[in-house]
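# Summary of structural features
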Amino acid sequence: MKSCLIVDDSRVIRKVSRHILETLGFSVEEAENGQQGLDHCDSTMPDVILLDWNMPVMTGIEFISKLRQREGGDKPKVVFCTTENDVAHIREAISAGADEYVMKPFDHETLQIKLQLVGMA
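Described in the following lines is the structure provided in the data block. Note that the structure is a prediction, hence the values are computed from the model and not measured.

## Considerations on the overall build of the protein
- Tallying secondary structure elements over the protein gives five helices and five strands in all.
- For the protein, the α and β elements follow one another from N to C terminus as β-α-β-α-β-α-β-α-β-α.
- Considering only C-alpha atoms, the protein reaches an extent of 35 × 30 × 25 Å along its principal axes.
- The buried share of the protein, taken over its 121 residues, is 46%.
- Look at the contacts in the protein between residues 6 or more apart in sequence, and 57% of them connect residues 24 or more apart.
- Accessible area for the protein stands at about 6,200 Å²; split by element, carbon and sulfur atoms hold 48% of it.

Spelled out as structure tokens, the structure:
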């Protein structure tokens with residue numbers, strides 16, 4: 001079973017994302033900020049990370065920069081899930097190491113397509 005870590009400060013987004021991912025056959029863990037997400041990755045590296053951009057404690061960009069420097073941190077597919085939709089933000093996310101980018105709000109079909117694009121669905 002593939003594993004996914006949802007890193008998002010919104011409980012609602014985590015709940016919706018968890019439901020979608022579980023119907024796609026993922027085991028799901030959650031973190032409400034980037035530091036909790038990194039702590040989780042230090043103990044168990046997931047196959048996929050759904051990552052919010054704007055969070056307290058650590059932004060998504062800070063998280064992915066630190067993740068990619070860790071041992072094994074190059075392995076997870078990272079999909080940014082955010083309301084930031086301008087080209088500059090998308091470029092910054094991809095440059096920092098993101099594999100895909102999905103706009104909030106998203107639905108089951110949209111997330112499934114993004115996961116297929118990174119080879120995880």
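Having put the structure on the table, let's press on.
## Concerning the sheet that holds strand β5 (residues 100-103)
- Pairing within the open sheet is parallel, and its five strands lie in the order β2-β1-β3-β4-β5. Each edge of the sheet is formed by a strand with only one pairing partner; in this case those strands are β2 (27-31) and β5. On average, each strand axis in the sheet is tilted by 20° relative to the strand beside it, whichever way the strands run.
- Pairing between strand β3 (residues 48-51) and strand β4 (residues 77-82): four bridges, direction parallel. Residue pairing for β4: Leu51 is matched across the bridge by Phe80.
- Against the sheet, helix α1 (residues 11-23) engages β1 (3-7), β2 and β3, with an angle of about 165° to β2.
- Across the face of the sheet, helix α3 (residues 60-69) comes into contact with β1, β3 and β4 while running at roughly 175° to β4.

## Some words on unusual backbone geometry
- For the bond from Lys104 to Pro105, the omega torsion is -10°, close enough to zero to count as cis.
- Position of Pro105 among the secondary structure elements: in the loop between β5 and α5 (108-117).
- Phi at Val57 is positive, roughly 75°, even though this residue is not glycine.
- When you line up the elements, Val57 lands in the loop between β3 and α3.
- A relative accessible area of 64% places Val57 in the exposed class.

Thresholds applied
Residues numbered from 1 in each chain as written. Predicted model: local features only at pLDDT ≥ 70, side-chain atom pairs only at ≥ 80, totals over all residues. Heavy atoms only, no water. Helix = DSSP H or I, 4+ residues; strand = E, 2+ residues; numbered from the N terminus. Buried < 20%, exposed > 50% of the residue type's maximum accessible area, 1.4 Å probe, protein only. Contact = heavy atoms within 4.5 Å. Areas by Shrake-Rupley, 256 points an atom, 1.4 Å probe, with all protein chains shown as cover. Pairing = 2+ DSSP bridges. Axes fitted to C-alpha atoms, helices over the stretch in contact; angles between N-to-C directions.

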